[in-house]
Amino acid sequence: MPRKAVSESVADADAAPGGAAAVDRALSLMAAFRQGDGPLALTELATRTRLYKSTALRLLASLEHARWVQRLDDGRYAIGPEVGRLHALYAASFSLDRVVLPVLRELVAATGESAAYHVRQGDARLCQFRVDSPHPIRDHIRAGDLLPLDRGTGGRVLVAFDGALSNSLGRHDRALYARIRADGYLASVGDRLSEVAGISAPVFAADGTVAAAVTLTMPAHRYDERYVKSVLEAARSLSGQIG
């Protein structure tokens, strides 16, 4: 009888509903390669995926055959050329609006408030995408509008995570940006306009840099801190897909 694993593999702990276990495990080996990695030994791949080395070896043989990985002369494994081919296809067909707008629509459906996607543009921030709340009373920012970086939750989140805070910032601002980085979001009432509340969270590019901020806005009297969870989920779902 096969030995029972001491602990669940990464793939088994997060298996696709209705999926194939072998595919989940093979994909977990691909996901084990991280930013900055060189070629990895079988032992390291097995450790990261919590697979038996014998299981990992069989799966790697299939991945190597399909050119998803390549086995080097020293026995270590590197990403294979098939990944590069598919990346080129993905990049050629990538459309940011097809990625971002469905997430914003889901956020609006979950909260009933307006959702936006802000990117830094010089010393300002651009509202690149926006989905309005169905409520007649709302703020009326539109896609294409430029907004300040130093006021409003979207701008402050972009500044907090961009890694280049100005030396001219006062102690209060530095403490605020440190708190935003620690919390992973900012919720505020009246930061840009006294009647408007906002909740923003960062969207990270594949290389770990901040790419954008997802922002939910609403009249101050409709602010609900329970919306923080929805904003964080929206930002996380976009992180890694941008850039």
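What you see is a predicted model, and the numbers here were worked out from it, not measured in a lab.

Another aspect to go through is the packing of helix α7 (residues 153-161) against helix α8 (residues 171-183). Between α7 and α8, the shortest axis-to-axis distance is 9 Å and the interhelical angle comes to 85°. Overall, the two elements α7 and α8 adopt an arrangement that is roughly perpendicular. Contacts between α7 and α8 involve Arg156, Val157, Val159, Ala160 and Phe161 from the first element and Asp173, Leu176, Tyr177, Ile180 and Arg181 from the second. Here the contact of α7 with α8 is built from residues that sort into seven nonpolar, no polar and three charged.

Take the packing of helix α2 (residues 21-31) against helix α4 (residues 53-65) next. One can describe the packing of α2 onto α4 by two numbers: an axis separation of 10 Å at closest approach and a directional angle of 80°. By the angle class used here, α2 and α4 are roughly perpendicular. Seen from α2, the contacting residues are Ala22, Arg25, Ala26, Leu29 and Met30; seen from α4, they are Ala56, Leu59, Leu60 and Leu63.

Another point: the pairing of strand β6 (residues 186-189). Looking down a regular strand, the side chains alternate between one sheet face and the other. What you see with β6 is a clean split: Leu186 and Ser188 sit on the buried side and Ala187 and Val189 on the side with no burial. Bridge analysis of β6 against strand β7 (residues 196-204) gives four bridges, and the strand direction is antiparallel. Looking across to β7, one finds that Leu186 is bridged to Ser200.

Calculation rules
Residues numbered from 1 in each chain as written. Predicted model: local features only at pLDDT ≥ 70, side-chain atom pairs only at ≥ 80, totals over all residues. Heavy atoms only, no water. Axes fitted to C-alpha atoms, helices over the stretch in contact; angles between N-to-C directions. Helix = DSSP H or I, 4+ residues; strand = E, 2+ residues; numbered from the N terminus. Parallel < 35°, antiparallel > 145°, perpendicular 65-115°, else oblique. Contact = heavy atoms within 4.5 Å. Nonpolar A, V, L, I, M, F, W, Y, C, P; charged D, E, K, R; others polar. Buried < 20%, exposed > 50% of the residue type's maximum accessible area, 1.4 Å probe, protein only. Pairing = 2+ DSSP bridges.

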